[in-house]
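Architecture and fold: a report
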Amino acid sequence: MDAFQYWMDQLKPAPLQTVDHPLLVEKAIELKILRTDLVHPIISGNKSYKLKYNLKAALNQAAAGVLSFGGAWSNHLHALAYSCYLLQRPCVAVIRGEPELIAKSAMLQDIQNWGTTLHFVTRKDYRLRDESEWLAQLAVQYPNYYCVPEGGSSALAQPGVITLAQQLEQACSEQHWQPNQVWCAVGTGGTLAGLITGRTGNYQIIGVPVLKGAEFLYRVIKERLSADQKKSTRLENRWQLQLEGHFGGYGKVSPWLLDNIEELQNQLFCSCPDNALLLDPVYTGKLFSHFWQKLEAGDITPNSRVILVHSGGLQGRRGYGLDMAR
Ligand SMILES: Cc1ncc(COP(=O)(O)O)c(C=O)c1O
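It should be emphasised that the depicted structure is a prediction, and the values quoted were computed from it without experimental measurement. (Residues numbered from 1 in each chain as written. Predicted model: local features only at pLDDT ≥ 70, side-chain atom pairs only at ≥ 80, totals over all residues.)

Our focus in this paragraph is the overall build of the protein. Secondary structure summary: the protein contains 14 helices and 11 strands in total. The C-alpha atoms of the protein give 19 Å as radius of gyration, which agrees with the globular expectation for 326 residues (20 Å, within 12%). By sequence separation, contacts in the protein at least 24 residues apart represent 76% of the contacts at least 6 residues apart. (Helix = DSSP H or I, 4+ residues; strand = E, 2+ residues; numbered from the N terminus. Rg over C-alpha atoms; globule rule 2.2 N^0.38 Å. Contact = placed C-beta atoms within 7 Å.)

Here we have four strands laid out as an open sheet, ordered 5-4-3-6, and parallel in their pairing. Every interior strand has two partners, whereas the edge strands, strand 5 (117-121) and strand 6 (145-148), have only one. Geometrically, the sheet is characterised by an average inter-axis angle of 25° between neighbouring strands, direction not taken into account. Alignment of strand 3 (residues 65-70) against strand 6, held across four bridges, turns out to be parallel. (Pairing = 2+ DSSP bridges. Axes fitted to C-alpha atoms, helices over the stretch in contact; angles between N-to-C directions.)

This next bit is on helix 3 (residues 46-60). For helix 3, spanning 15 residues, the distance from its first C-alpha to its last is 22 Å, which sits close to the expected 21 Å at 1.5 Å a residue. When you tally the buried positions in helix 3, you get 11 out of 15 residues, the bulk of the element. Buried within helix 3 we find Asn46, Lys47, Ser48, Tyr49, Lys50, Leu51, Lys52, Tyr53, Asn54, Leu55 and Ala58. Once helix 3 finishes, Ala62 follows within two positions and takes phi at roughly 50°, a positive value. (Expected span 1.5 Å × (residues − 1). Buried ≥ 20, exposed ≤ 12 C-beta atoms within 10 Å, placed from the backbone.)

This brings us to the packing of helix 3 against helix 9 (residues 157-174). Put simply, helix 3 and helix 9 touch, their axes get as near as 7 Å, and they point 135° apart. With respect to each other, helix 3 and helix 9 are oriented oblique. The element helix 3 and its partner helix 9 pack so that their crossing is right-handed. Between helix 3 and helix 9, the contacting residues are Asn46, Tyr49, Lys50, Leu51, Lys52, Tyr53 and Asn54 on the first element and Ala157, Pro159, Gly160, Val161, Thr163 and Leu164 on the second. For the contact of helix 3 with helix 9, the residue count by class is seven nonpolar, four polar and two charged. (Parallel < 35°, antiparallel > 145°, perpendicular 65-115°, else oblique. Left-handed = near helix turned anticlockwise from the far one by under 90°. Nonpolar A, V, L, I, M, F, W, Y, C, P; charged D, E, K, R; others polar.)

Now for the site of the ligand. Taken together, 18 residues lie near the ligand, and Gly187, Gly190, Thr191, Ser311 and Gly313 sit nearest. Elements that contribute at least two residues to the shell around the ligand include exactly helix 4 (75-87), strand 7 (181-186) and helix 10 (190-198). The biggest single contributor to the shell around the ligand is helix 10, with three residues. Residues lining the shell around the ligand come from more than one domain, with at least three contributed by each of domain 1 (3-43 + 155-320) and domain 2 (46-152). (Near = placed C-beta within 6 Å. Domains from an automatic or database assignment.)

Before going further, it helps to spend a moment on the packing of helix 13 (residues 255-267) against helix 14 (residues 284-296). Running from N to C, helix 13 and helix 14 cross one another at 80°; their axes reach a closest spacing of 10 Å. What the angle tells us is that helix 13 and helix 14 run roughly perpendicular. On the side of helix 13, the interface is formed by Leu257, Asn260, Ile261 and Leu264, while helix 14 contributes Gly285, Phe288, Ser289 and Trp292. In the contact of helix 13 with helix 14, the residues fall into five nonpolar, three polar and no charged.

Formed by 48 residues in total, the largest nonpolar core has its most connected members in Val182, Trp183, Cys184, Leu195, Leu287 and Leu308. Taken together, the elements giving at least two residues each to this core come down to strand 2 (30-35), helix 9, strand 7, helix 10, strand 8 (204-209), helix 11 (216-224), helix 14 and strand 11 (305-310). Of all the elements, helix 9 adds the most residues to this core, at six residues. When neighbours within four sequence positions are excluded, Leu308 is seen to be in contact with Ile33, Trp183, Leu287, Phe288 and Phe291. Ranked by size, the runner-up nonpolar core spans 28 residues in total, among them Trp73, Leu77, Val92 and Ile95. (Core = buried A, V, L, I, M, F, W, Y, C linked by C-beta atoms within 7 Å.)

Considering the arrangement of structural elements, one finds Leu77 in helix 4. Remark: the alpha-carbon pair of Leu77 and Val92, spanning 15 residues in sequence, is separated by 9.3 Å. Those residues in contact with Leu77, other than ones at most four positions away along the chain, are Ser68, Gly70, Ala93 and Ile111.

When you tally the buried positions in strand 2, you get five out of six residues, the bulk of the element. In this structure, strand 1 (residues 16-20) lies alongside strand 2, joined through four bridges in antiparallel fashion. For Val19, the partnering residue across the bridge sits in strand 2 and is Leu31. Here strand 2 pairs with strand 11 via six bridges, running parallel. Looking across to strand 11, one finds that Leu34 is bridged to Val309.

As far as domains go, the protein holds domain 1 (3-43 + 155-320) and domain 2 (46-152). Computed from C-alpha coordinates alone, the two centres of domain 1 and domain 2 are separated by 25 Å. The partner domain 2 presents 25 residues to the 28 residues of domain 1 that form the contact. For the side of domain 1 that touches domain 2, the secondary structure elements donating two or more residues are helix 1 (3-9), helix 9 and helix 10. Here the side of domain 1 that touches domain 2 gets six residues from one element, more than from any other, and that element is helix 9. Of the residues contributing to the side of domain 1 that touches domain 2, the split by class is 12 nonpolar, 15 polar and one charged.

See the structure below:
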């Protein structure tokens with residue numbers, strides 16, 4: 001079988017689950033969760049969509065392997081390393097930091113066990129990861145490797161995330177239900193840009209950046225949109241960022257946030273009890289906590305029909321002493 005098809009066959013479509021909760025009834029809000037965390041136990045969340053066409057291109061080009069970048073808990077590197085393991089292709093992970101991190105990071109241990117080469121660079125060098133000169137030096141060391149930028153947010157991530165928007169809309173029409181708001185956590189903005197590009201329905205897309213001071217993401221996301229979409233003034237009010245949902249900044253987690261995540265996991269009963277909800281403290285935990293705060297404050301317009309995109313990231317729970325699965 002064709003290697004790319006083999007990889008695709010491992011992935012399931014993301015279920016759209018309905019959430020029941022007394023507060024939703026009180027505020028007259030319908031809530032569903034798009035469970036991209038259930039696409040695959042490891043290549044989970046938005047990663048499978050972002051990687052799809054990057055991996056296809058690497059295989060089509062008969063690249064010697066795939067090389068990418070990230071920190072010691074990168075969900076992107078985790079999904080990429082496992083994908084390369086499945087495809088039996090070499091993978092190089094350029095990691096920000098020192099080899100001592102291996103002992104502290106279950107993620108680095110995983111990817112090393114899957115055969116990925118760990119290439120550590122100083123924080124100073126890591127800042128050069130988009131500079132062509134520095135990349136050319138890496139290419140000498142890893143000739144004919146296919147290079148995927150940090151977080152997987154290359155131009156080829158976009159068509160993959162568009163398929164996520166299509167799956168979301170298909171799941172809605174199968175349930176004869178249309179949202180008017182779709183919320184998702186934002187890091188680099190690649191996923192949000194794909195959702196905006198792929199949307200054909202009449203709903204607003206709300207991004208919640210997990211970084212503090214993320215105004216710059218308005219520019220980054222606009223740049224990713226197609227030329228036609230950039231011209232459309234109608235688009236402006238069809239997506240927005242809520243910049244205050246970062247809970248202290250990237251990777252910052254307070255005891256309150258951890259308790260709140262635990263409470264939401266226990267309280268949000270999905271329509272499929274077998275697929276208990278787990279959230280990660282870096283992305284989805286912040287998205288869900290921010291949405292819930294808005295709901296409690298009465299800031300969600302009554303009769304809204306909302307989808308929260310669960311974008312995975314559960315492997316990162318281990319960085320906070322939490323289990324990856326229930
Ligand atoms: C679990 C999870 N959710 C959301 C995001 C945000 O995606 P993006 O970087 O495309 O904005 C990431 C990014 O790495 C992630 O790992």
